[in-house]
Amino acid sequence: MVDLKNWLNQQREKDGLRSLRTVSHRGKGHLTLAGDDRELIDFSSNDYLALAEHPALISAAQNALNQYGTGSGASRLMSGDLAVHHELEEAVAQLKSKEAALTFGSGYMANAGIIPALVGRHDLIFSDRLNHASIHDGCRLSGAHLVRFRHNDLNHLEDLLKEKQGHGPALIVVESIYSMDGDRCPLRELVALKERFGCLLMVDEAHGTGVFGPNGGGVIEEDGVSTGVDLAMGTFGKALGSYGAYVAGSAEMMEYLLNRARSFIFSTALPPAVAAASLAAVQLVRAEPSLRRELHEKIALFKTLLRTGGYSGDLGPSQIIPVLIGESGAALHKVELLRAQGIFATAVRPPTVPDGTARLRFSITRHHSIADLSQAAKALLEIME
Ligand SMILES: *Cc1c(COP(=O)(O)O)cnc(C)c1O
């Protein structure tokens with residue numbers, strides 16, 4: 001049994017204790033924390049396309065609320081299965097160029113349900129070392145033999161695939177855009193590899209969907225590898241401005257998961273208003289590429305401001321921009337310095353990232369104005385001196 005007091009004290013001593021910060025007001029990419037009247041520019045949100053406040057999502061949710069009420073009342077397999085869930089799944093399947101899709105309560109639940117449905121004790125999983133905790137937990141829950149390869153290192157993956165060949169069927173799991181570093185998986189090479197070794201491939205596009213691809217179909221669309229990805233998973237809670245998650249794939253795969261993924265079977269269906277907002281977001285992302293264009297212009301501007309200001313670290317290829325600091329205490333101190341200058345960014349610390357690589361994470365959203373981005377770049381350059 002854990003000794004609570006002792007554990008908490010130890011964490012406190014190494015700057016590892018987490019706590020909640022209540023946001024008392026939020027809107028248009030700015031926020032105010034409870035007990036502090038300063039308005040801060042929010043660089044911590046994953047609402048990349050600023051859809052959470054979009055009128056199309058709000059009215060879709062309001063209409064669904066009026067029509068169906070708040071909760072869905074039961075799991076999909078009982079009486080919670082509404083037309084809006086199916087419309088959403090059809091729209092997602094189309095967005096991902098797949099036959100079918102299935103929704104889940106959240107991304108965590110999707111990963112914790114899908115992976116154990118597909119692999120078990122006699123199988124292998126090859127998982128990127130920086131994969132999200134929900135993927136890792138799904139892997140552990142499955143009981144399969146877990147082989148973790150070095151982050152984005154396909155040579156390492158290939159060596160491991162060779163070494164383990166003949167040890168059973170294998171699933172490879174990656175993210176398209178990594179949530180903490182913002183870097184991108186080389187999906188074309190990965191698909192070639194998975195085909196050579198006859199593995200199943202699952203790609204988590206929590207940070208890719210809506211942001212990349214000509215129609216917002218994610219990195220798998222941009223890289224033209226939809227066919228080679230067996231399970232295209234993602235969430236509605238980030239660029240899509242809503243909540244929940246999905247996986248897209250073959251109709252057969254969806255029929256199987258509907259019967260086997262325990263987090264789908266034994267959990268209440270997404271509330272209709274939430275599903276309706278997600279549906280509106282998927283439609284908007286396809287219909288309005290200008291949302292994406294605007295976001296990418298802002299990302300490019302922020303990176304240019306940092307570069308011209310003399311910052312020489314790696315800023316990565318996406319809307320998630322990591323600024324490496326080192327120790328947790330130093331990262332927390334920089335967060336405070338930024339806050340004093342009106343900037344809200346978060347420190348990402350171990351155990352989320354490896355020891356000694358605590359960092360600040362800036363995520364750019366469509367809400368940010370040129371003035372916001374300039375102010376943030378200036379503040380960041382100052383505190384890095
Ligand atoms: C956020 C995230 C999840 C979890 O999704 P939720 O809907 O927030 O539970 C899963 N995978 C990745 C890569 C994520 O970034």
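It should be emphasised that the depicted structure is a prediction, and the values quoted were computed from it without experimental measurement.

Here is what the cut-offs are and how they apply
Residues numbered from 1 in each chain as written. Predicted model: local features only at pLDDT ≥ 70, side-chain atom pairs only at ≥ 80, totals over all residues. Heavy atoms only, no water. Near = heavy atom within 4 Å. Polar contact = N/O pair within 3.5 Å; in protein donor to acceptor, adjacent residues only side chain to side chain. Areas by Shrake-Rupley, 256 points an atom, 1.4 Å probe, with all protein chains shown as cover. Helix = DSSP H or I, 4+ residues; strand = E, 2+ residues; numbered from the N terminus. Nonpolar A, V, L, I, M, F, W, Y, C, P; charged D, E, K, R; others polar. Contact = heavy atoms within 4.5 Å. Pairing = 2+ DSSP bridges. Axes fitted to C-alpha atoms, helices over the stretch in contact; angles between N-to-C directions.

**Comments concerning the site of the ligand**
Then, in step 1: If you check the shell around the ligand, you find 13 residues, and the closest are Gly-107, Tyr-108, Asp-204, His-207 and Lys-238.
Then, in step 2: In this structure, Gly-107 approaches the ligand through a main-chain N or O atom, which is 2.7 Å from an oxygen atom.
Then, in step 3: Between an oxygen atom of the ligand and a side-chain N or O atom of Lys-238, the distance comes to 2.7 Å.
Then, in step 4: Isolated, the ligand exposes 380 Å² of accessible area, and the fraction of that covered by the protein chains is 85%.
Then, in step 5: No other element matches the 3 residues that helix α5 (residues 107-118) contributes to the shell around the ligand.
Then, in step 6: Its residues assigned to classes, the shell around the ligand shows 2 nonpolar, 8 polar and 3 charged.

**Description of the side chain of Ser-242**
Then, in step 1: Following the sequence through the fold, Ser-242 ends up in the loop between β9 (231-235) and β10 (245-249).
Then, in step 2: One polar contact links the side chain of Ser-242 to the main-chain carbonyl oxygen of Val-274, over a distance of 3.2 Å.
Then, in step 3: If we ignore the near neighbours within four places in the chain, the residues touching Ser-242 are Phe-236, Gly-237, Val-274, Ala-277 and Ser-278.

**Overview of the sheet that holds strand β7 (residues 170-175)**
Then, in step 1: What the 7 strands build is an open sheet, ordered β4-β10-β9-β8-β7-β5-β6; its pairing is mixed. Of all strands in the sheet, those with a lone pairing partner are β4 (100-104) and β6 (145-149), marking the two edges. Here the strands of the sheet are splayed against their neighbours by 20° on average, with no regard to which way each runs.
Then, in step 2: Its contacts with the sheet place helix α10 (residues 251-260) against β4, β8 (200-204), β9 and β10, and it is angled at close to 30° to β4.

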